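So you can see what is in the structure, the chains are spelled out below.
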Amino acid sequence: MNRNMKKWLEELRQSKTKKPLPVLSFPAVQLMGISVPELISDSDLQAEGMKRITDRVNSAASVSLMDLSVEAECFGANIVISDNEVPTVKGAVVTSFEEAEALEIPAVGTCRTGIYIDGIRKAVEKISDRPVFAGMIGPYSLAGRLLEVTEIMFLCYDEPETVQLVLNKVTEFLIAYGKAYKEAGANGILIAEPLAGLLSPSMMDVFSSPYVKRIVDALQDENFLVLYHNCGNNTVQSLDSILSIGAAAYHFGNAVSMKDVLNRVPENTVVMGNIDPAGELRHGTPDSVRTAVRKLLEECSGYSNFVISSGCDIPPMSKWENIDAFFDETAKFYQEGVLKQ
Amino acid sequence: MAGMNVVGVKFKNNEIFVPEVLVAARAMNQGAALLKPLLAAEGAKASGRVCIGTVKGDLHDIGKNLVKMMIEGKGLEVIDLGTDVPPEKFISTAIEQNCQIIGLSALLTTTMPVMREVVEAAKAAGIRDHVKIMIGGAPVTQAFCDEIGADVYTPDAPSAAEKAVELCRQL
Ligand code: B12
């Protein structure tokens, strides 16, 4: 559904009872009695899964699968698929400057990107009560998957031209991929750039932020927002670089303190985070989740631009009783605040 | 080698980041490789052998690679088994290559239990008394290390390397 997303975001920011916006999609496998491999290979199941989740939880928006293997697979990477975990990449695709030159930019729609775009098209038809965000990997993280994640860190020093060549190619691909999501009716996209969260601020300025910015400039408008996700360790130090991207909102992981982030972000910029998805939602208990939610909200709800979320993608086998507790405790907390006023 | 200690401290304090530590560790290891034949000629030799890998189901390996390079930097030999390594592989490598230490890395809570399997497999293979098991990775804790009966946990690569040297000295 077409929406004025700038307005939606501003309303969310000004709301006194903010709904959470967690990265919640894979646990749909439990609601549907299917496996992860089934979910990632079928657009109908993806749309149905997103719909089931919106029926169950009162989230600010619906977010599609954070599957950071789809784009790399298109470029020829080897994918490891398992029954209960999100798929991942093994090995490098590009091992030299010559191979970087020869690397072809795949057509959008090939491999599983076609399924994921269709999934969004179908989800948008089913979900009308809230915005639908598609998901994709960020440019440095994708380049890292193609060059191998440790190797790319050496290459940034030894052969920056190889890294930049790959970055240019993946950025071109990601822009086309994002446009396809936009055409399919998504209201925005969540770009995950975790690998850049290990870089120093100055390296992030060279190898990640300008490329993400290029994607934002090509995609973002009143009706389509870019959310930037980074669950790396060094996002606080790199905030200036990250904010230069110009995304509509920013999403950070549980490796950093949300309060530290909020203290350094302008109050009209929405910031989301950061309940530990593995420690709490996958392995915690409803009680421990409630305690974590309350602690985070007590610390951060005073910042009008804070929206509670998970620190990263919520793992497929996370307990639904924990996810329900996350939403319930957030609602209770804000309700109590409203009653007090 | 003293330089590497400075790097370790700066990394802990967030003054330098993963790529810088990797580059520094590589420089140090290349330097050490040049010196090795000279030191060997004087009778000094590598004081231990470690096999290291990320456990089965887990493909995160940046931390493991850092630990590996730092241990090498201390003059120990390291056999890198890569990622997604099944317990049997750690055990057979330790036996065949005479390793004093098995190093296990895990970044996923769901793959941490594999560490326990390695400890059990080491017992079953009868090597537990002479092979030490070190574990690490962001979600791993000292409490978990105690619980599964591994020998050493450290929160970062510089301390992992120091501990590895210490263990080899004791053995
Ligand atoms: C970079 C990253 C990735 C990269 C990994 C690339 C690679 N090949 O390594 C990519 C983007 C590919 C990725 C993928 C995934 N990731 Co990831 N990733 C991260 C991130 C941002 C940083 C990890 C890292 O490299 N840190 C830097 C290194 C240097 O630190 P380190 O590994 O902790 O190592 C240090 C110490 O722990 C110690 N150490 C490490 N190993 C050892 C071993 C021994 C013996 C010792 C003594 C010490 C030691 O020394 C190291 C140096 O000081 C973390 C979040 C975070 N902030 O930690 C998430 C994180 C680890 N990922 C997570 C998840 C869930 C995933 C995915 C499932 C996501 C998805 N939906 O696809 C997949 C995993 C697939 C799989 N089966 O492995 C979760 C794990 C949650 C959990 N605890 O279970 C995290 C915590 C994010 C989150 N907040 O939820 N990820």
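Look above for the structure.
Observations concerning the coordination of the cobalt atom of the ligand
Part 1 of the reasoning: When only protein atoms are considered, the cobalt atom of the ligand has one donor, His60 of chain B (NE2), at a distance of 2.3 Å.
Part 2 of the reasoning: Looking at the element boundaries, His60 of chain B is found in the loop between strand 1 (49-54) and helix 3 (62-73).

Side note on the nonpolar core
All names here are of chain A.
Part 1 of the reasoning: Trp8, Tyr140 and Met153 are the most contacted members of the largest nonpolar core, which has 153 residues in total.
Part 2 of the reasoning: Ranked by residue count, the leading element in this core is helix 10 (residues 160-183), at 10 residues.
Part 3 of the reasoning: In contact with Tyr140, not counting residues within four places along its chain, are Ile152, Met153, Cys156, Leu167, Glu193, Leu195, Ala196, Leu199, Phe207 and Ser208.

Notes on the packing of aromatic side chains
All names here are of chain A.
Part 1 of the reasoning: Here the structure, examined in full by the defined rule, presents 7 aromatic pairs over all chains.
Part 2 of the reasoning: Considering the side-chain rings of Phe173 and Tyr177, the 5.8 Å spacing of their centres and the 25° angle between planes classify their relative orientation as stacked. Taken together, the residues span about one helical turn, with Phe173 and Tyr177 both in helix 10 at a distance of 4 residues.
Part 3 of the reasoning: We classify Tyr177 as buried; its relative accessible area is 0%.
Part 4 of the reasoning: Through a chain of ring-to-ring contacts, three or more aromatic side chains come together here, namely Phe75, Phe173, Tyr177 and Tyr181.

Re empty space enclosed by the protein
All names here are of chain A.
Part 1 of the reasoning: Applying the stated criterion across every chain yields a total of 3 cavities of 30 Å³ or more.
Part 2 of the reasoning: By volume, the largest cavity is sized at about 50 Å³.
Part 3 of the reasoning: Every residue lining the largest cavity is listed: Pro22, Leu24, Ile53, Thr54, Val57, Ser59, Ala61, Ser62 and Val63.
Part 4 of the reasoning: For the lining of the largest cavity, the secondary structure elements donating two or more residues are helix 4 (43-56) and strand 1 (62-63).
Part 5 of the reasoning: Of the residues belonging to the lining of the largest cavity, the class tally is 6 nonpolar, 3 polar and no charged.

Some details on helix 8 (residues 139-147) of chain A
Residue and element names in this part refer to chain A.
Part 1 of the reasoning: With respect to burial, helix 8 is a largely interior element, 9 of its 9 residues being buried.
Part 2 of the reasoning: Buried within helix 8 we find Pro139, Tyr140, Ser141, Leu142, Ala143, Gly144, Arg145, Leu146 and Leu147.
Part 3 of the reasoning: Once helix 8 ends, the next one or two residues include Glu148, with phi positive near 85°.

Details of the sheet that holds strand 4 (residues 132-136) of chain B
Backbone hydrogen bonds hold the strands of a sheet together, and the pairing may be parallel or antiparallel.
All names here are of chain B.
Part 1 of the reasoning: One open sheet holds the 5 strands; their spatial order is 2-1-3-4-5, and the pairing between them is parallel. Two strands in the sheet have a free side with no partner beyond their single neighbour: strand 2 (77-80) and strand 5 (152-153).
Part 2 of the reasoning: Here strand 3 (residues 101-105) pairs with strand 4 via 5 bridges, running parallel. What sits directly across from Leu104, in strand 4, is Ile135.
Part 3 of the reasoning: Relative to the sheet, helix 5 (residues 113-124) contacts strand 3 and strand 4, its axis offset from that of strand 4 by approximately 180°.

Reading guide: rules and limits
Residues numbered from 1 in each chain as written. Chains lettered and ligands numbered in written order. Predicted model: local features only at pLDDT ≥ 70, side-chain atom pairs only at ≥ 80, totals over all residues. Heavy atoms only, no water. Donors = N, O, S within 2.8 Å, 3.2 Å for Na, K, Ca; no water. Helix = DSSP H or I, 4+ residues; strand = E, 2+ residues; numbered from the N terminus. Core = buried A, V, L, I, M, F, W, Y, C linked by side-chain atoms within 4.5 Å. Buried < 20%, exposed > 50% of the residue type's maximum accessible area, 1.4 Å probe, protein only. Contact = heavy atoms within 4.5 Å. Phe/Tyr/Trp six-rings, centres within 6.5 Å; stacked < 30°, edge-to-face > 60°. 1 Å grid on protein atoms, 1.4 Å probe; cavity = no way out; pocket = protein on both sides within 12 Å on 5 of 7 lines; lining within 4 Å. Points joined across faces, edges and corners; volume = space filled by probe spheres on them. Nonpolar A, V, L, I, M, F, W, Y, C, P; charged D, E, K, R; others polar. Pairing = 2+ DSSP bridges. Axes fitted to C-alpha atoms, helices over the stretch in contact; angles between N-to-C directions.

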